[in-house]
Every structure is written in structure tokens, then in C-alpha cells.
Amino acid sequence: MEQIGPFDVLVVGGGLAGLRAAIEAKRLGASVLLVAKSHPLRSHSSAAEGGIAAYIEGASDPNDSPLQHAYDTVKGSDWLADQDAVELMTKDAERAIIEMEKWGCLFSRDPDGKIARRPFGGHTYPRTRFAADKTGMCLLHTAFERALAEGVEMLYEFYVTDVVSDGERVYGVYGFDVKSGEDIFIKSKSVVLATGGGGLMYKFSTNSYLNSGDGYAIAARAGAKLADMEFIQFHPTALYPTNILITEAARGEGGYLINKEGERFMKRYAPDRMELAPRDLVARAIVNEIREGRGFEGGYVLLDLTHLGEEKIKERLPLVREVSIKFAKVDPVKEPIPVRPAAHYTMGGVKTDLDGATNVKGLFAAGEAACVSVHGANRLGSNSLLETLVFGRRAGMAAASYALSRSYPEPPKEALREAEARLWAPTTIESGLPFGEIRKRLGEVMWEKVGIERNEEGLKEALKEIAELLRLSKYVKGEKGPGAYELVAVHETINMVFNAYAVATAALWRRESRGAHFRTDYPKRNDSEWLYHTVMSWRGEWVMEKEPVVITRWPPEERKY
Ligand SMILES: Cc1cc2nc3c(=O)[nH]c(=O)nc-3n(C[C@H](O)[C@H](O)[C@H](O)COP(=O)(O)OP(=O)(O)OC[C@H]3O[C@@H](n4cnc5c(N)ncnc54)[C@H](O)[C@@H]3O)c2cc1C
């Protein structure tokens, strides 16, 4: 085993949250190493299309404000978001956008030169800023270049298997260099997990193949708490049949959803906001149309952009057009696009405070890996990119100040031995299921029984199947040696099954419907018993607790659109 470090701050993840954290820590004088299992520019942040929400003084609707943005977010969250975190985020949004612009992100502009904005689901006023429909790509390149300019050291294609901790504090991370296949213990005083979301556990998902949600499993094994894991966002419009995202911007720019009868069915579900109701409502509406026989053969509805005209589609939605032509042989200028819902975003995650700190000293989390919580039971589109920048920066700041005031202690030998044994365990297996088989079974059961609609019977069946997959995942073989991609896939699979068990456990526990968590056996929201965060700790099994939601200004209301 090779050892490197100690560093002050070790960031795991080269997406927007990780890069932003690394930039801040470095600027504060900390020594920083950023590691990622991919090249940073391949992180899922690059796939974000629609945009990033922000009130900007002088470039917003005169009635809009950071407080209005915060209220919309709280309402969208079905009152489960912590209102102090939401307000902090919406007030910091303008600064975050202007900073990215000064660093070189070319946002689309109105003819008068102001940063343009488009409507997005659940936002009262148009406030989603964008670079055509390639916003994440633009932001990610900007943040990457900035991190290089600040002198952040980076190690690409390094797969982290574990945070080394004694359950109380961290000592660094354990993992392997995918190219050489060698294991390395990286010593560090603090660790920021910015490992992104876990949508890959579902059969239909818009997420990239990197999104196995490693950070949730890694944090839980290291003693950190997870929060609100039952809340998975299903995006209403993934391209049929490949599940590539068709951004909400397509509806923001004026696209309609229509069923087999040619009807704009959203009028029955959200008469005021129509296609721009929040995602949980639109996804359930589509499922209902299909169930009641108004979907198309194969299970999809249509997203019609033809009335927007060729010029607007080419200027504002070039990627939607390109993807539709390439993967569905449909040109949205001429014909409607076939779409169905798919798993998209993990609202829950590693439980943190407003500075990204977890209950394990020195362990921080940010971005989709974390639950601060600003999205509650349902995230509004374009709030996630904002979260990565606002809370990535704060986590970097807090991790640096934690590290700079401490010396590096000797790591406990037992924790290191355990991490080493876990890393190599798959290479000692003689035979077992291929990892693809486990992923296939997991994807099916999560989609069928822990999906858009859930109930007690289905969730109990799901837990049984996932428990069996957990057992089988210990017998998946991964080869040792250079180019250890198979070993990566095996560890990812183990983490995916572990996380799925958390999602299904939390979904069974919460006996109400709220936001994206829809229980057919408890179809109503129940504030008296469930206006709480689900908090879970891993002790060989999940130990569940409820924690109060922070409510500062906006007492719960009925959520109508
Ligand atoms: C198709 C799509 C479109 C979207 N569009 C929008 C949008 O328009 N607006 C919006 O606000 N949000 C959008 N989102 C959500 C948003 O893009 C993500 O939530 C956000 O970019 C996540 O950023 P992140 O930095 O937390 O993680 P990511 O960008 O996912 O980065 C995770 C990083 O962690 C690394 N990593 C993971 N595990 C390990 C490990 N074990 N070891 C080492 N490294 C590891 C990866 O290599 C990667 O570098 C979209 C999401 C998708 C899937």
C-alpha cells in the first residue's frame, strides 16, 4: 500500500460541487488534492442542460426577489426543505452567478445585454439562467479552468472505496489508481465528499454511468448520517426509449405535453401551471395517463415543440434537437418527441449543516451527494446547479478552516486494515454473479417497487430482493491489476445495492405522501406525524430517527399549482 499526504483538504469528486469546494479551500491557503474516478470534465454536472436559478438585480422580473425564490423552493419541496438553508442559497445566488460569469462562463443574453432567463417548473417568475441548453458544460469548464489557475492538484481516475475514519473523525481516503491498479491511502485532515447522485440504481434513469452514488455508501460506512433518502426525483421527460434527458427548458420555452388523444392533459392535474408544475406532479400525471390507456404503445406520451418554430428550437434548444434526431429519429421542428419519466435526482444524501459538515469530524459533503437540505421532498429544476456552487464553496471554506487549525493525527491501524481488506475483497472471489446481473435485477426492482408510486407490500418485497442482492454482491468477482475498471464497477455495484436498501427502508418508514414520495396506501401528506426529516445511521442495519424541519418564515400550506 502506497501512502501520500497529508493534505489539509481532500476533495472527492470533480463535478461542480467538488471543483468549487477545492477552489475555495485553496484560496484560503490550504493544501488541496482533488480526486475523481473520471476526468472532472466528464462529471455528470456537464450534462445539466436547462439552467441555474437566480434572482439578479436589474435582470429579473420587477416582482421577483431572493425571498420569492426561497418561497417557491419551500413550496416545491412540499415544506420539507430547511428554510434557513433555502434562504441562504437564494440570497447567495446572484453572487454565485456573477462570479462564474467573471470567470468566463458565457451565459445566454437578452438583446439588451442582460443575462437571459427562462421559466422553469415551480418558479413563479422566469429566473433560470442558461447557456443555450448546455449550461452545466459551460459552468463545469469554467470551474475546472479556475481550479487549475488556482493551483488545485488533481488526481484523475482514482477510485475512492472508503473514507478512513474511526467513526468520530476522518484520517483520509482509501482507494486505487484505476490505471495502475495500485491501492493508495491518501492522508488528509479533512475530506469533502462531492460524489454526485445515485440515479443509476433505477432501470430508467437520466443519470450518467458514473452516478452510482458512491458517496452515500462511503459516508454511511464511515459513521455519517444520511437524510431523506426516500426522495428520488423522477424527471417527467426522458427520451423514449433511451432515457436521455429532454430538459425541462423545452417546456420552459413553451413545449406542450399531449396524450394519445391529442389532449394537453396537464390541464386536469395542474390547471394553473400546466406543463410547468413541479416535476413530481408532472411525472405522476404522465404515469396516470399511460395507466388509463391514454399513452402510446410501449408507454410514453408526446412533448410537442413544433409550434415554437425552427429558429427558437435551434437557438434555445439545440441539444434537445440533436438528441431527438440522433436517438429517436424525430426532428422536434417537425414532429413531437416521445417521452416518459425516468429517475433523475437524489434529493436526500449525506446529512450536513449549512457549512457542509457531517456528524463525523473533518468529513464534509456538498452537491448532490449532500442533503443540506434545500430540496426537501421535491427539487425545483435549476436549483441543483445553484446548490453545487453555493454549498460547494461553503464546504470548501469550512473544510479548510477545520484543517488549518489542526495537526494530522496518526490513523488507526484497524480502520486502515479494514479499508484495505474491503478494497481487495472482490479480487479474492472464485465465482459469483457478474455485476451486470446484479445491476439488472436491482434496476428492475427499484423501478417497479420503489419508483414513482410505492406501497407497503411492494416495498417489503423490494427489501427482500435487495437484501438478497446485498448478499450476492459480496460474491462478485473483480480483477486486480492495471486498467482496473472491472474492480470499479464491482465496488460501484456494491454501493448501489447498499444505497438502494437505504432508499427502500426510508420509503417504507415514511407512511405518508410528500413531494416525490408517493405512497398509494398513504396518499395524503401528514404534517402532524411526518413533517420531519428521515435520518438514518448504518450500524450493520439502518437505525432510523426523525429530525425536525427548520421552519423560519413559511408555515406549511396546501401545495397547489
Ligand atoms: C441529464 C441531467 C441534466 C440536469 N440538468 C440540470 C439543470 O439544468 N439544472 C440544475 O440545476 N440541475 C440539473 N441537473 C442536476 C445537476 O446537474 C447535478 O445535481 C449536479 O451537477 C451534481 O453536481 P455534483 O458536483 O454534486 O456531482 P457530479 O457532477 O455528478 O460529480 C461527481 C464527481 O464525483 C466523482 N466520483 C463519484 N464517486 C467517486 C468515487 N468513488 N471515487 C472518486 N470519485 C468519485 C465523479 O468522477 C465526478 O467527478 C441535471 C442532472 C442530469 C442527470
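Residues numbered from 1 in each chain as written. Predicted model: local features only at pLDDT ≥ 70, side-chain atom pairs only at ≥ 80, totals over all residues. Heavy atoms only, no water.

Here's the deal with helix α2 (residues 66-76)
Working note: α-helix, 3.6 residues per turn, so residues spaced by three or four point in the same direction.
Thought 1: Summarising burial for α2: 8 of the 11 residues are buried, a large majority.
Thought 2: D78, located one to two residues past α2, shows a positive phi value of around 55°. (Buried < 20%, exposed > 50% of the residue type's maximum accessible area, 1.4 Å probe, protein only. Helix = DSSP H or I, 4+ residues; strand = E, 2+ residues; numbered from the N terminus.)

Let's talk about the packing of helix α1 (residues 16-27) against helix α10 (residues 384-404)
Thought 1: Closest axis-to-axis distance for the α1/α10 pair is 7 Å, and the angle between their directions is 35°. Note that α1 runs across α10; the crossing there is right-handed. Across the interface between the two elements, L16, A17, R20, A21, E24 and A25 of α1 pack against L385, T388, L389, G392, R393, G396, M397 and A400 of α10.
Thought 2: Grouping the amino acids of the contact of α1 with α10 by side-chain chemistry returns 8 nonpolar, 3 polar and 3 charged. (Axes fitted to C-alpha atoms, helices over the stretch in contact; angles between N-to-C directions. Left-handed = near helix turned anticlockwise from the far one by under 90°. Contact = heavy atoms within 4.5 Å. Nonpolar A, V, L, I, M, F, W, Y, C, P; charged D, E, K, R; others polar.)

Concerning the packing of aromatic side chains
Thought 1: Summed over all chains, the structure comprises 15 aromatic pairs.
Thought 2: Here the aromatic rings of Y71 and W79 are separated by 6.4 Å at their centres, their planes lie at 70°, and the arrangement is edge-to-face.
Thought 3: For W79, a relative accessible area of 0% corresponds to the buried category.
Thought 4: Their ring planes at 70° and their centres at 6.2 Å tell us that F364 and Y402 sit as a pair that is edge-to-face. Placement of the pair is F364 in strand β15 (residues 363-365) and Y402 in helix α10, with a sequence separation of 38 residues.
Thought 5: Its relative accessible area of 6% is what places F364 among the buried residues.
Thought 6: For Y402, a relative accessible area of 11% corresponds to the buried category. (Phe/Tyr/Trp six-rings, centres within 6.5 Å; stacked < 30°, edge-to-face > 60°.)

Quick look at the UniProt feature "domain: FAD-dependent oxidoreductase 2 FAD-binding" (unreviewed entry) in the protein
Thought 1: Annotation from UniProt places "domain: FAD-dependent oxidoreductase 2 FAD-binding" (unreviewed entry) at residues 8-385.
Thought 2: In residues 8-385, helix accounts for 28% and strand for 21%; the two terminal C-alpha atoms are 26 Å from one another. (UniProt positions renumbered as here; feature names shortened; annotations may be inferred.)

Some remarks on the side chain of D331
Thought 1: Of note, D331 is situated in the loop between α9 (318-328) and β13 (337-346).
Thought 2: If we skip the residues at most four places from it in the chain, D331 touches R321 and I325.

Re the site of the ligand
Thought 1: Around the ligand, 38 residues are found, and the nearest of them are S43, H44, S45, E368 and S384.
Thought 2: Separating a nitrogen atom of the ligand from a backbone N or O atom of V160 is a distance of 3.0 Å.
Thought 3: Within the contact set of the ligand, an oxygen atom lies 3.4 Å away from a backbone nitrogen or oxygen of A194.
Thought 4: For the ligand, the accessible surface in isolation is 1,000 Å², of which the surrounding protein chains cover 98%.
Thought 5: Looking at the shell around the ligand, the elements that each hand over two or more residues are α1, β6 (158-165), β13 and α10.
Thought 6: For the shell around the ligand, the class distribution of residues is 13 nonpolar, 20 polar and 5 charged. (Near = heavy atom within 4 Å. Polar contact = N/O pair within 3.5 Å; in protein donor to acceptor, adjacent residues only side chain to side chain. Areas by Shrake-Rupley, 256 points an atom, 1.4 Å probe, with all protein chains shown as cover.)

Points about the domain arrangement of the protein
Thought 1: Per the domain assignment, the segments of the protein are domain 1 (236-340) and domain 2 (426-531).
Thought 2: For domain 1 and domain 2, the distance between their C-alpha centres works out to 29 Å.
Thought 3: Residue-level contacts link 4 residues of domain 1 with 5 residues of domain 2.
Thought 4: With both sides pooled, the region where domain 1 packs onto domain 2 buries about 460 Å², and carbon together with sulfur makes up 60% of that total.
Thought 5: Considering only the side of domain 1, the residues that lose the most area to domain 2 are D280, R284 and V287, jointly responsible for 76% of the buried surface there.
Thought 6: Here R291 and E453 are joined by a salt bridge, their closest N and O atoms 2.8 Å apart. (Domains from an automatic or database assignment. Buried area = accessible area lost by both parts, 1.4 Å probe. Salt bridge = Lys/Arg side-chain N within 4 Å of Asp/Glu carboxyl O.)

A short note on the environment of V86
Thought 1: Looking at where V86 falls in the secondary structure, it is placed in helix α3 (residues 83-102).
Thought 2: Note on V86: relative accessible area 0%, which makes it buried.
Thought 3: Spatially, the C-alpha atoms of V86 and V374 are 5.1 Å apart, while their sequence positions differ by 288 residues.

Focus on the sheet that holds strand β17 (residues 532-538)
Thought 1: Pairing is mixed across the open sheet formed by 5 strands, whose spatial order is β16-β14-β9-β17-β18. A strand with exactly one partner marks an edge of an open sheet, and here the two such strands are β16 (370-371) and β18 (542-548).
Thought 2: The pairing of strand β9 (residues 226-227) with strand β14 (residues 349-351) spans 2 bridges and is antiparallel. Bridged to A227 within β14 is G349.
Thought 3: Docked against the sheet, helix α5 (residues 214-221) engages β9, β14, β17 and β18, running at close to 35° with respect to β14. (Pairing = 2+ DSSP bridges.)

Looking at the layout of surface pockets
Thought 1: Empty space within the second largest pocket amounts to approximately 530 Å³.
Thought 2: Considering the residues around the second largest pocket, the lining is formed by 18 residues, among which L281, R284, F518, P523 and R559 are closest to the centre.
Thought 3: Residues belonging to the lining of the second largest pocket are distributed by class as follows: 6 nonpolar, 3 polar and 9 charged.
Thought 4: Viewed by domain, the lining of the second largest pocket spans two of them, domain 1 (236-340) and domain 2 (426-531), each represented by three or more residues. (1 Å grid on protein atoms, 1.4 Å probe; cavity = no way out; pocket = protein on both sides within 12 Å on 5 of 7 lines; lining within 4 Å. Points joined across faces, edges and corners; volume = space filled by probe spheres on them.)

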